[in-house]
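Breakdown of the fold
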Amino acid sequence: MRPSARIPSVLAGFVLAVGGAFFAAPAAGAAAPTSVQQCEQYITQHGKKIVDGVGQACYEGQIGNQTSCAASLQAVGFSADIASGACRAAH
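Small disclaimer: the values here were computed from a predicted structure and weren't measured. (Residues numbered from 1 in each chain as written. Predicted model: local features only at pLDDT ≥ 70, side-chain atom pairs only at ≥ 80, totals over all residues. Heavy atoms only, no water.)

Next up on the list: the state of the cysteines. Inspection of the entire model under this criterion finds 2 disulfides. Disulfide partner of Cys39: Cys58, at an S-S distance of 2.0 Å. Classification of the bridge connecting Cys39 and Cys58 rests on its S-S torsion, roughly -65°, and on that basis the disulfide is left-handed. Taken together, the residues span a long stretch of sequence, with Cys39 in helix H1 (residues 3–45) and Cys58 in helix H2 (residues 54–62) at a distance of 19 residues. There is no split in this pair, since Cys39 and Cys58 are both buried. Disulfide partner of Cys69: Cys87, at an S-S distance of 1.9 Å. Negative torsions about the S-S bond denote left-handed disulfides, and the value of about -95° found for Cys69 with Cys87 makes this one left-handed. Placement of Cys69 in helix H3 (residues 66–75) and of Cys87 in helix H4 (residues 80–90) is noted, with a sequence separation of 18 residues between them. On the accessibility criterion, Cys69 (0% relative accessible area) is buried. Assessed through its relative accessible area of 1%, Cys87 is described here as buried. (Disulfide = S-S within 2.5 Å. Helix = DSSP H or I, 4+ residues; strand = E, 2+ residues; numbered from the N terminus. Buried < 20%, exposed > 50% of the residue type's maximum accessible area, 1.4 Å probe, protein only.)

Okay, here's the thing in structure tokens:
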């Protein structure tokens, strides 16, 4: 390939990569708080109060670490059923 043809090709690839990252980044950031909120809502719908550590546990469930999420929620006093349901709601 001639050097004069490479420059526009490289620039076009760069523009496509940056544009894709620009449009994908807001969508990924918007999903995280909703999942944590759904986890917390699940807990409150079952008559429990949100205590310290719930947000972090729900975040663990949101990123896919269901075991850590459930263990953390059980450690702060939630039953196994509520903990596993809340972690599923987060994911």
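Now that the structure has been shown, the text picks up again.
Burial in H3 covers these residues: Cys69, Ala70 and Leu73. End-on view of H3: buried residues confined to an arc of 90°, all on one side of the axis. Of the residues in H3, the exposed ones pointing more than 90 degrees away from the buried face are Thr67 and Ala75. One or two positions beyond H3, positive phi appears at Gly77, with a value near 110°. (Arc of directions from axis to C-beta.)

Structurally, Glu60 is set in helix H2. Buried charge Glu60 goes without a salt bridge, the closest partner of opposite sign being Arg88 at 17 Å. (Lys, Arg positive; Asp, Glu negative; His and termini not counted. Salt bridge = Lys/Arg side-chain N within 4 Å of Asp/Glu carboxyl O.)

Honestly, it's all geometry; don't read function into it.
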